[in-house]
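Below, each chain spelled out in residue letters.
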Amino acid sequence: MNEILRIIQSRFSCRSFSDRAPSDAELLAIASAGLAAPSGMNRQPWFLSVVKNRALISEMEQEGLLAIAAGEGLSIYKTLAARWGKLFFDAPCMIMIAVKEADYPKGAHLIDLGIVAQNIVLAAASLGIDNMHCGLAAFCFAGGKSAEFKTRLGFPEGYEPGYAVLLGYAKETRTPHAANPGKMTVIE
Ligand SMILES: Cc1cc2nc3c(=O)[nH]c(=O)nc-3n(C[C@H](O)[C@H](O)[C@H](O)COP(=O)(O)O)c2cc1C
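Asker: Let's hear about the environment of T79: which residues, and what values?
Answerer: Topologically, T79 is positioned in helix 4 (residues 75–84). According to the relative accessible area criterion, T79 is partly exposed, its value standing at 49%. Expressed as a C-alpha distance, the spacing of T79 and I68, which sit 11 residues apart in the sequence, is 9.6 Å. From its side chain, T79 meets the backbone oxygen of S75 in a polar contact 2.7 Å long.

Here it is in structure tokens:
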């Protein structure tokens, strides 16, 4: 198995980060891997904010938890938030991703977003930096502080943030989910 395949198979979602933060050089390398992602029609509809400010991360987490608790019809999110009581699991830093909606085809910007996020995850894992995809980060922008957070994160006008990759070092490692070979077929 080559190095990329090994990293893909061994990566796991970290939900318990220690205090130790990746270096600036590592964060730059990881964010650059995100920016190297392919995108539909090469539109590169993203903007990344590398957030090292722990007070801001904590403030966003509180806001996100409040938004989840206040939401109607969000029982699955409430369950998740209640189970852990956290959104960001004490991660010392994160990359928050914002995207601009593409006019065509519908939803293409979200596919691009996913590819950027996975590039970030795999780049981090290749450097021995633990990580987690965080879709619930969207809730940080669901309340009254949305505009303020967008400004503090440095997002240009027109970009909508709502997806984060948490980065740091695990207090305890986990095994990734078991891949299901029944989810594919080979047609000869
Ligand atoms: C698009 C996406 C969004 C996710 N959002 C969250 C999240 O907000 N909170 C969380 O704890 N895990 C989140 N995860 C992690 C998944 O729960 C995790 O990948 C899955 O349970 C499989 O576990 P593994 O990554 O350890 O193999 C997300 C994963 C993906 C791909």
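Still more ground to cover, so stick around.
Asker: Hey, could you go over the nonpolar core for me, with residue numbers and the actual values?
Answerer: Among the nonpolar cores identified, the biggest contains 32 residues, and M60, F88, M94, M96, C134, L153 and L166 are the most heavily contacted of them. Of all elements in the fold, only helix 3 (54–70), strand 2 (93–99), strand 3 (130–134) and strand 4 (160–168) reach the threshold of two or more residues within this core. Residue contributions to this core peak at six residues, all from helix 3. Leaving out residues up to four positions away in the same chain, M60 has contacts with F88, M94, M96, C140, F141, F149 and L153.

Asker: Give a detailed account of the pairing of strand 2, specifying residues and quantitative values.
Answerer: With seven of its seven residues buried, strand 2 lies for the most part within the structure. Residues C93, I95, I97 and V99 line one face of strand 2 and the alternating positions M94, M96 and A98 line the opposite face, and both faces are buried. Note that strand 1 (residues 46–51) and strand 2 share six bridges and pair antiparallel. Across the sheet, the residue bridging to S49 is M96, located in strand 2.

Asker: Now, about unusual backbone geometry: what can you tell me, with residues and values included?
Answerer: Its identity is not glycine, yet M41 carries a phi of approximately 55 degrees, on the positive side. Mapped onto the secondary structure, M41 falls in the loop between helix 2 (24–35) and strand 1. Its identity as a non-glycine residue notwithstanding, Q44 has a phi of 45 degrees, on the positive side. Within the secondary structure, Q44 is located in the loop between helix 2 and strand 1. Residue Q44 is classed as partly exposed on the basis of its relative accessible area of 39%.

Asker: How would you summarise the side chain of S16 if you had to cite specific residues and measurements?
Answerer: You can see S16 is positioned in the loop between helix 1 (3–10) and helix 2. Owing to a relative accessible area of 19%, S16 belongs among the buried residues under this scheme. Setting aside anything within four residues of it in sequence, one finds S16 in contact with F89, Y169, A170, K171 and E172.

Asker: For the sheet that holds strand 3, give the residues involved together with the corresponding values.
Answerer: Strand order in the open sheet formed by four strands is 1-2-4-3, and the pairing between neighbours is antiparallel. Each of the sheet's edge strands pairs with one partner strand only, and the pair in question is strand 1 and strand 3. If you compare each strand with its neighbour and ignore which way they point, the axes differ by 20 degrees on average. On the sheet, helix 2 packs against strand 1, strand 2 and strand 4 and is oriented at approximately 165 degrees with respect to strand 1. Together, strand 1, strand 2, strand 3 and strand 4 form the strand contacts of helix 5 (residues 108–126), whose direction differs from that of strand 2 by roughly 160 degrees.

Thresholds applied
Residues numbered from 1 in each chain as written. Predicted model: local features only at pLDDT ≥ 70, side-chain atom pairs only at ≥ 80, totals over all residues. Heavy atoms only, no water. Helix = DSSP H or I, 4+ residues; strand = E, 2+ residues; numbered from the N terminus. Buried < 20%, exposed > 50% of the residue type's maximum accessible area, 1.4 Å probe, protein only. Polar contact = N/O pair within 3.5 Å; in protein donor to acceptor, adjacent residues only side chain to side chain. Core = buried A, V, L, I, M, F, W, Y, C linked by side-chain atoms within 4.5 Å. Contact = heavy atoms within 4.5 Å. Pairing = 2+ DSSP bridges. Axes fitted to C-alpha atoms, helices over the stretch in contact; angles between N-to-C directions.

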